[in-house]
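Residues per chain are reported as follows:
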Amino acid sequence: LICHERFLFRFGADRVFIIIGERLARLGHKVTMMAADFDRELIEPFAHEIVRMPMASRYERADEFASRWVECQFAPARAEEPKFDLIIHGGWPLFGATATFRSMANQVLFMDHGVVPTEGYPPFQTMVLNKLVQLRREHLSECNLVAAVSRFVGDSQTNVDTGGRVPLRVLLNGTDHLEPDQPSKAEALGPEIDAVRELGRNHDLILNLGRFESGTYKNSQAAVSAFELIRSARPNARLLILESAENLKIPGHQSEGIIPLGFPNDATLAAIIQEVDAGISLSQWEGFNLPLVELLRAKIPAFALRIGAHPEVVPDSYFLNDDVPSLAARVLQHLEDPAKARNILHSTATAAHWDYLTWDRFVSELLEFLAEHSPTNLVSSA
């Protein structure tokens, strides 16, 4: 049983759970997927069963509502069936159901992607995030096992919230899910790709990675500041931002050269990535940062701050910077002489980095971790 709030391919954590389910099913296991929302066409091909859990009308009460449903309806309805060999717990809105999950399964594994910093969010979102932090502290130690998406998350949050009482394994995500033989969502290319290709004929294209949020840990306003420095030396540079024009609130004197792309679908975004000269991420907190490694794996130079899990997931420290000016200078260096980044991205060391960060390795390590602590009939390798 894999439980999460949603299974939508657009979101990083969702994508991880979908890939885990698909891989376990490929190994012959019966996989039940449970969420309040999902792309059915993504999970139907591999799911033995799909369960839609109810959500409270008030989002801040979602954990109490869904957890009570698990305790009073979902669990009793399955009382005559064999226990699950494994429940993979995705957290909200089911923290309160953890003890019930323990009664329903031989093992309950929490997949920890971490909790983002609360600074800069509106009061309601801050309240929900603070509640999430409290629920983690109350319930994570009720799981059998915990897997953290990076050493950074494991050290800064997982071990803190469990008090070190639950066996922990760091499982770095795979990064090969955009390659042709990996699970993907079939979509037609949108009109954005034609506009980007035309723009790229005469301009340096820089993609701001991830969603655009000013004032939060995403630190997107710093991307605009970095771009101002870049454009002072490369006037033909353009910054592509994944946001609609109407929602992009950038002062007029800073907006020159900034292109809002809106929200292209996954296939279109994958095509856009192939057209850009560089990516930048000014985020001040990341538990993994899939967009960053997706670009680097595709051999598109991408530059980020030396924070969070970034040192664990990039193939070379050349792509990490200490502050906005040094990042802008590094991007300029690359635009003027791309050989350094090209050599790194095509090196043997980088190839070995990507050979390790695969979903086959991830699932193999996951199953080894389960077998080490409480062997079940799950196979021990992918």
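Placed above this text is the structure.
Every value quoted in this text rests on a predicted model; they were computed, and no experiment measured them. Here the residue numbering is sequential within each chain, running from 1 through the sequence in written order. Since the coordinates come from a predicted model, pLDDT governs what is reported: local features require at least 70, and pairs of side-chain atoms require 80 or more to be given and counted, while whole-chain, interface and lining totals use all residues. The basis for every side-chain value is the complete set of non-hydrogen atoms in the structure, without hydrogens or water.

**Here we look at the packing of aromatic side chains**
Right, so step 1: For Phe, Tyr and Trp, rings pair up if their centres lie within 6.5 Å, where Trp contributes its six-membered ring, and each pair is then called stacked (planes under 30 degrees apart), edge-to-face (over 60) or tilted (otherwise). Tallying each qualifying case throughout the model produces nine aromatic pairs.
Right, so step 2: Aromatic side chains Phe-95 and Phe-110 sit 5.8 Å apart centroid to centroid with 40° between the ring planes, which places their arrangement in the tilted category. Note that Phe-95 is positioned in the loop between β6 (87–89) and α4 (98–104) and Phe-110 in strand β7 (residues 108–112), a separation of 15 residues in sequence. The residues Phe-95 and Phe-110 share a single accessibility class, namely buried.
Right, so step 3: Above the face of the Tyr-356 ring, Arg-361 is positioned so that its terminal group lies 4.4 Å from the ring centre. Think of it this way: any DSSP run of H or I at least four residues long counts as a helix, any run of E at least two long counts as a strand, and we number them from the N terminus. Residue burial is assigned from relative accessible area. The probe radius is 1.4 Å, only protein chains are included, and a residue is buried under 20% of its type maximum, exposed over 50%, and partly exposed in between. Geometrically, a charge over a ring is one whose NZ (Lys) or CZ (Arg) sits within 6 Å of the ring centre while staying within 35 degrees of the ring normal.

**Let's talk about the sheet that holds strand β10 (residues 204–208)**
Where strands meet in a sheet, backbone hydrogen bonds hold them as pairs that are either parallel or antiparallel.
Right, so step 1: Note: two strands are recorded as paired if DSSP finds a minimum of 2 bridges between them. The strand order across the open sheet formed by six strands is β12-β11-β10-β13-β14-β15, and the pairing between neighbours is parallel. Of all strands in the sheet, those bounded by a partner on one side alone are β12 (258–260) and β15 (320–321).
Right, so step 2: Contacts between residues were defined by any pair of non-hydrogen atoms, one from each residue, lying within 4.5 Å. Angles here are taken between N-to-C directions and fall from 0 to 180 degrees, while the axes themselves are lines fitted to C-alpha atoms, restricted in helices to the stretch in contact. Along the sheet, helix α8 (residues 220–233) contacts β10, β11 (237–241), β12 and β13 (278–281); its crossing angle with β11, the most-contacted strand, is approximately 165°.
Right, so step 3: Lying over the sheet, helix α10 (residues 290–297) contacts β13 and β14 (302–305), oriented at roughly 150° with respect to β14.

**Describing the environment of His-353**
Right, so step 1: Counting through the fold element by element, His-353 comes out in helix α14 (residues 348–356).
Right, so step 2: Remark: the alpha-carbon pair of His-353 and Val-314, spanning 39 residues in sequence, is separated by 8.3 Å.

**So, the nonpolar core**
Right, so step 1: One finds Ile-206 and Leu-240 to be the most contacted residues of the largest nonpolar core, which totals 62 residues.
Right, so step 2: For this core, the leading source of residues is α8, giving six residues.
Right, so step 3: Ignoring anything within four residues of it in the chain, the contact list for Leu-240 reads Val-196, Leu-199, Leu-205, Ile-206, Leu-207, Asn-208, Ile-259, Leu-261, Ile-272 and Val-276. Residues belong to one nonpolar core when they are buried, are Ala, Val, Leu, Ile, Met, Phe, Trp, Tyr or Cys, and are joined through side-chain atoms within 4.5 Å.

**With respect to helix α3 (residues 62–77)**
Right, so step 1: A helix is expected to span 1.5 Å multiplied by its residue count minus one. With 16 residues, α3 should cover 22 Å at 1.5 Å per step; its first-to-last C-alpha distance of 21 Å lies within 8% of that length.
Right, so step 2: Turning to α3, its buried residues number three or more, namely Ala-62, Asp-63, Ala-66, Ser-67, Trp-69, Val-70, Phe-74 and Ala-75.
Right, so step 3: Check the buried side of α3 and you find it contacts β3 (32–35), β5 (49–52), α4 and α5 (123–139).

**Here we look at the pattern of salt bridges**
Charged atoms that come close allow side chains of opposite charge to pair.
Right, so step 1: What makes a salt bridge here is a side-chain nitrogen of Lys or Arg within 4 Å of a carboxyl oxygen of Asp or Glu, nothing more. Applying the stated criterion across every chain yields a total of 26 salt bridges.
Right, so step 2: Among the salt bridges present, the one from Asp-360 reaches Arg-23, with a minimum N-O distance of 2.4 Å. Here the residue Asp-360 occupies a position in helix α15 (residues 359–373), and Arg-23 occupies one in helix α1 (residues 12–26), the gap between them amounting to 337 residues.
Right, so step 3: On the accessibility criterion, Arg-23 (4% relative accessible area) is buried.
Right, so step 4: Put simply, Arg-68 and Glu-71 hold a salt bridge, and the shortest N to O gap is 3.1 Å. In this pair, Arg-68 and Glu-71 are both assigned in helix α3, three residues apart and thus about one turn of the helix distant.
Right, so step 5: One continuous salt-bridge network, built from bridges that share partners, spans Glu-22, Arg-23, Arg-26 and Asp-360.

**Some remarks on the environment of Val-108**
Right, so step 1: Tracing the sequence through the fold places Val-108 in strand β7.
Right, so step 2: Overall, the relative accessible area of 0% leaves Val-108 in the buried class.
Right, so step 3: Residues Val-108 and Asn-159 lie 51 residues apart in sequence; the distance between their C-alpha atoms is 17 Å.
Right, so step 4: For Val-108, the contacting residues outside a window of four places in its chain are Ile-87, His-89, Phe-101, Arg-102, Cys-143, Asn-144 and Leu-145.

**Let's talk about the packing of helix α7 (residues 192–199) against helix α9 (residues 266–273)**
Right, so step 1: In contact at an axis separation of 9 Å, α7 and α9 are set at 10° when each is read in the N-to-C sense. As summarised for this structure, α7 and α9 are arranged roughly parallel, according to the angle between their axes. Residues Glu-192, Ile-193, Val-196 and Arg-197 of α7 pack against Thr-268, Ala-271 and Ile-272 of α9.
Right, so step 2: Each residue is assigned to one class: nonpolar for Ala, Val, Leu, Ile, Met, Phe, Trp, Tyr, Cys and Pro, charged for Asp, Glu, Lys and Arg, and polar for all the others, Gly among them. Residue classes in the contact of α7 with α9 are distributed as four nonpolar, one polar and two charged. An angle counts as roughly parallel when it lies under 35 degrees, as roughly antiparallel when it exceeds 145, as roughly perpendicular when it falls between 65 and 115, and as oblique in every other case.

**Points about the environment of Gly-190**
Right, so step 1: Positionally, Gly-190 belongs in the loop between β9 (168–170) and α7.
Right, so step 2: Residues Gly-190 and Ala-271 lie 81 residues apart in sequence; the distance between their C-alpha atoms is 9.8 Å.
Right, so step 3: If we ignore the near neighbours within four places in the chain, the residues touching Gly-190 are Asn-265 and Thr-268.

**Comments concerning unusual backbone geometry**
Right, so step 1: The omega torsion across Trp-92 and Pro-93 is 5°, close enough to zero to call that bond cis.
Right, so step 2: Locating Pro-93 in the fold gives a position in the loop between β6 and α4.
Right, so step 3: Positioned with a positive phi, Lys-299 is a non-glycine residue whose angle comes to about 65°.
Right, so step 4: Within the secondary structure layout, Lys-299 lies in the loop between α10 and β14.
Right, so step 5: According to the relative accessible area criterion, Lys-299 is partly exposed, its value standing at 39%.

Functional significance is not addressed by these values, which are geometric in nature.
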